[in-house]
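Residues per chain are reported as follows:
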Amino acid sequence: MEPTHGEYIVVKAKDQGVQVIGLTRGHDTKFHHTEKLDKNEILICQFTDHTSAIKIRGKAVVMTKYGTMETDQ
């Protein structure tokens, strides 16, 4: 099987304690990775064979090739 070279997103925390959670692919969606960001930290995330979704909790700016958005929390 050829590896998936998925798209990237950039998450910049606007507050302390922003959580970025990777969710698995497959029949049952599960959490597989969690990162906690401090204010102004940046995390670059990639969708892969194992990661089908990324959940963000807290105030953050999210940058994708489709544009930039901010959480309302």
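Model, not experiment: these values are computed from the prediction. (Residues numbered from 1 in each chain as written. Predicted model: local features only at pLDDT ≥ 70, side-chain atom pairs only at ≥ 80, totals over all residues. Heavy atoms only, no water.)

Colleague: Even after reading the chapter, I still don't get the overall build of the protein chain, so can you show me in this structure?
Modeller: When you go through the protein chain residue by residue, the secondary structure sums to zero helices and seven strands. Seen in sequence order, the protein chain has helices and strands lined up from the N terminus as β-β-β-β-β-β-β. Taken along the three principal axes of its C-alpha coordinates, the protein chain extends 40 × 25 × 20 Å. Put simply, the protein chain has 73 residues, and 25% of those count as buried. The contacts in the protein chain between residues at least 6 apart in sequence include a share of 61% that link residues at least 24 apart. For the protein chain, the accessible area works out to roughly 5,300 Å², and carbon and sulfur atoms hold 50% of it. Taking the average location of the 10 positive side-chain charges in the protein chain and that of its 10 negative ones, the two points are 5 Å from each other. (Helix = DSSP H or I, 4+ residues; strand = E, 2+ residues; numbered from the N terminus. Buried < 20%, exposed > 50% of the residue type's maximum accessible area, 1.4 Å probe, protein only. Contact = heavy atoms within 4.5 Å. Areas by Shrake-Rupley, 256 points an atom, 1.4 Å probe, with all protein chains shown as cover. Lys, Arg positive; Asp, Glu negative; His and termini not counted. Charge placed at Lys NZ, Arg CZ, Asp CG, Glu CD.)

The values are spatial; any link to function lies outside them.
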